[in-house]
Amino acid sequence: MTSTVITHIGELTTNDPARGGPLGILEDAALVIEGDTVAWVGPAVDAPAADTYVDAGGRAVLPGFVDSHSHLVFAGDRAPEFAARMTGEPYAAGGIRTTVAATRAASDEQLVSHVARLVQEMLRQGTTTVEIKSGYGLTVHDETRSLAVARQFTDETTFLGAHVVPTGTDPAAYVDLVTGPMLDAAAPYARWIDVFCETGAFDVDQARTILAAGHAVGLRGRLHANQLGPGPGVRLAAELGLTAVDHCTYLSDEDVAALRDAGTIATLLPGVEFSTRQPYPDARRLLDSGVRVAIASDCNPGSCFTSSMALCIALAVREMRMSPAEAVRAATLGGAEALDRDDVGALVPGRRADLVLLEAPSHVHLAYRPGVPLVAGVWQRGRPV
Ligand SMILES: [Zn+2]
């Protein structure tokens, strides 16, 4: 097993609570990788010898980003819809149907190459773990192949047959399909099941039914909820004890209390509000109330086509009043927690050696220098990429 020491790290974000602060920062640090795992972290002066030596030159190193919410399996382009929205048209859930038609028409090879391109794009920007949903097929065949494609790139795959009711389909009959033959075919390729619980998509009773059907075949629940307006989705997530509920833009005091009491993570997707000109979620209120928060990209062709976690961090800081440290934590360890993963999201011995070297002296630069490509190096499972 080969070992690598990365030394002269000006600022190492470990996310180790034992080191204090939100990020467990260690200055003048070194980190040793053995195989695919972090083997040692400590002061540079104490670093043990290794086969390969990397000089970070005083720059910052942090865990690879964990993007816990994306919709990468799709075809087609919705730039015209974006342009129309930017000239005054509102975002509505129905735009998903445009992508569904293009995705059904695409070949398997086209879908694979498209996802490969986006995953590579994410990796170059420091995202070393990504969750990928289905949801643009909406037939047994197309949902199943979407998940089979996603599975080629990540273990964190989510069945989102309940993204929107296909045009011309009876909603009750579609829920029967999603919870029956579609679920049976999709489940072998999925770890999670998700529902777009929103006006214009699925109501809370349908969401409850769909999540229960997924649970019965061993899938774990997630929800899109309270994105476009207030609603009961977030409270359902808390009631069911889901690991995470995503969007959380419109929350009542009862919703916030329910999240805190259940320990359900609020995954905030500020790229969506940026790209749709909607109000941002109130991250400060959530954090001050004791709710755990993650940040993800929601990379998708309709409401937010960014793959940049750095942009999401900058937006979280500028628009959602998170501190740079809180935002970086939410985009790394927060994402890992939202996927219930204890092997990524932190740089402590035993965790996967997924890390990012910044062309900057500190994590703050991710928010301080928005739009600047600061990722100078990425290691995934111990290997430079
Ligand atoms: Zn989404």
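Now for a description of the structure that goes with this document. (Residues numbered from 1 in each chain as written. Predicted model: local features only at pLDDT ≥ 70, side-chain atom pairs only at ≥ 80, totals over all residues. Heavy atoms only, no water.)

Observations regarding the overall build of the protein
Defined as follows: To qualify as a helix, a DSSP run of H or I must reach at least 4 residues; to qualify as a strand, a run of E must reach at least 2; elements of each kind are numbered from the N terminus. Atoms counted for the radius of gyration: C-alpha only. Globule rule: 2.2 Å times residue count to the power 0.38. Between buried and exposed lies partly exposed: a residue is buried under 20% and exposed over 50% of the maximum accessible area for its type, with that area taken using a 1.4 Å probe on protein chains only. Each accessible area value is a Shrake-Rupley result obtained with a 1.4 Å probe; residue values ignore everything except the protein chains displayed when judging cover. In this tally, Asp and Glu contribute negative charge and Lys and Arg positive charge; neither His nor the terminal groups of the chain are included. Just so you know, the charge point we use is NZ for Lys, CZ for Arg, CG for Asp and CD for Glu.
The secondary structure content of the protein amounts to 15 helices and 17 strands. For a compact globule of 385 residues, the expected C-alpha radius of gyration is about 21 Å, and the protein comes in at 20 Å, within 12% of that figure. Viewed in the frame of its principal axes, the protein has a C-alpha envelope of about 65 × 45 × 45 Å. For the protein, with 385 residues in total, the buried portion stands at 58%. As presented, the protein carries roughly 14500 Å² of accessible surface, and 52% of it is formed by carbon and sulfur atoms. Where the 30 positive side-chain charges of the protein centre and where its 46 negative ones centre are 2 Å apart.

Some details on the packing of aromatic side chains
For any two aromatic rings, the description comes down to two numbers: the centre-to-centre distance and the angle of the planes. Applied cut-off: For this analysis, a ring pair means two rings from Phe, Tyr or Trp (six-membered ring only for Trp) whose centres lie within 6.5 Å, classed as stacked if their planes differ by under 30 degrees, edge-to-face if by over 60, and tilted for the remaining angles.
All told, the structure shown has 3 aromatic pairs when counted by the stated rule. Between F74 and Y136, the aromatic rings sit 6.2 Å apart at their centres with planes inclined by 75 degrees, giving edge-to-face as the arrangement. Remark: Y136 occurs in the loop between β8 (132–133) and α4 (140–151) and F74 occurs in the loop between β6 (65–67) and α1 (79–86); sequence separation between them is 62 residues. For Y136, a relative accessible area of 2% puts it in the buried group. When the ring of F74 is compared with that of F305, the centres are 5.6 Å apart and the planes differ by 75 degrees; the resulting orientation is edge-to-face. Of this pair, F74 sits in the loop between β6 and α1 while F305 sits in the loop between β14 (293–295) and α12 (309–320), and the two are 231 residues apart along the sequence. Members of the aromatic cluster, connected to one another through ring pairs, are F74, Y136 and F305.

Structural notes on the coordination of the zinc ion
Reference values for coordination geometry: four tetrahedral donors around a metal ideally subtend 109.5 degrees, six octahedral donors ideally subtend 90 or 180 degrees. Worth spelling out the cut-off: Because no water is among the atoms considered, metal sites can look incomplete, with donors defined as N, O and S atoms within 2.8 Å of the metal, or 3.2 Å for Na, K and Ca. The rule is simple: four donors are tetrahedral if all their angles sit between 85 and 135 degrees, four are square planar and six octahedral if opposite donors span more than 155 degrees and the others lie between 65 and 115, and anything that fits none of that is irregular.
Bound to the zinc ion are the protein donor atoms H69 (NE2), H71 (NE2), H224 (NE2) and D298 (OD), situated 2.0 to 2.5 Å from the metal. In this structure, the zinc ion is coordinated by 4 donor atoms arranged in irregular fashion, with angles at the metal of 79 to 170 degrees. Binding-site remark: the zinc ion is held by donors from one chain whose sequence spacing is H-x1-H-x152-H-x73-D. Taken together, the positions of H69 in the loop between β6 and α1 and D298 in the loop between β14 and α12 put the pair 229 residues apart, joining distant regions of the chain. Taken as a pair, H69 and D298 share a single burial class, namely buried.

Section: the packing of helix α8 (residues 233–240) against helix α9 (residues 253–262)
Rule in force here: Angles run from 0 to 180 degrees between N-to-C directions of axes, and those axes are lines fitted to C-alpha atoms, restricted for helices to the stretch in contact. Orientation categories follow fixed angle ranges, with anything under 35 degrees roughly parallel, anything over 145 roughly antiparallel, 65 to 115 roughly perpendicular, and all other angles oblique. Two helices that cross are described as forming a left-handed crossing if the nearer one is turned anticlockwise from the farther one by less than a right angle, and a right-handed crossing if clockwise. Contact criterion: two residues are considered in contact whenever any of their non-hydrogen atoms come within 4.5 Å of each other. Following the grouping adopted for this structure description, the nonpolar residues are Ala, Val, Leu, Ile, Met, Phe, Trp, Tyr, Cys and Pro, the charged ones are Asp, Glu, Lys and Arg, and the polar ones are all others, Gly among them.
Where α8 contacts α9, the axes come no closer than 9 Å and their chain directions differ by 20 degrees. Judged on the interaxial angle alone, α9 and α8 are roughly parallel. For the element pair α8 and α9, the recorded crossing hand is left-handed. Across the interface between the two elements, V234, R235 and A238 from α8 touch D255, A258, L259 and A262 from α9. For the contact of α8 with α9, the residue count by class is 5 nonpolar, no polar and 2 charged.

Examining the pairing of strand β16 (residues 375–380)
Defined as follows: Only when DSSP finds a minimum of two bridges between them are two strands counted as paired.
As defined by bridge partners, strand β15 (residues 355–358) adjoins β16 across 4 bridges and the pair is classed as antiparallel. Residue L358 lies in a different strand from β16, and its bridge partner there is V375. Looking at chain direction, β16 and strand β17 (residues 383–384) are connected through 2 bridges and run antiparallel. In the sheet register, Q380 faces β17, and the bridge partner there is R383. Between β16 and the antiparallel strand that follows it, β17, lie 2 residues; R381 among them carries a positive phi value of about 50 degrees.

With respect to unusual backbone geometry
For N15, which is not a glycine, the phi torsion comes out positive at approximately 60 degrees. The residue N15 is located in the loop between β1 (3–13) and β2 (25–34) in this model. A residue is classified by how much of its surface remains accessible, and N15, at 4% relative accessible area, is buried. Phi is positive for H247, close to 100 degrees, though the residue is something other than glycine. Tracing the backbone shows H247 in strand β12 (residues 244–247). For H247, a relative accessible area of 2% corresponds to the buried category.

Regarding the pairing of β15
Covered by surrounding structure in β15 are L355 and L357 together with V356 and L358, the residues of both alternating faces. Relative to β15, strand β5 (residues 60–63) runs antiparallel, the two sharing 3 bridges. Within the sheet, the bridge partner assigned to V61 lies in β15 and is L357.

Notes on the side chain of T99
For T99, the position within the fold is in helix α2 (residues 96–105). Apart from the residues lying within four places of it in its own chain, the contact partners of T99 are F74, A75, R78, Y136 and P301.

Some remarks on the pattern of salt bridges
When the charged atoms of two side chains lie near each other, side chains of opposite charge can form a pair. The following threshold applies: The salt bridge criterion pairs a side-chain nitrogen of Lys or Arg with a carboxyl oxygen of Asp or Glu, the two atoms within 4 Å.
Tallied over the entire structure, the rule returns 23 salt bridges. Close ionic contact of E337 with R292 constitutes a salt bridge, the shortest N to O distance being 3.8 Å. In this pair, E337 is assigned in helix α14 (residues 333–338) and R292 in the loop between α11 (283–288) and β14, connecting sequence segments 45 residues apart. For E337, a relative accessible area of 23% translates into the label partly exposed. Using a relative accessible area of 39% as the deciding quantity, one classes R292 as partly exposed.

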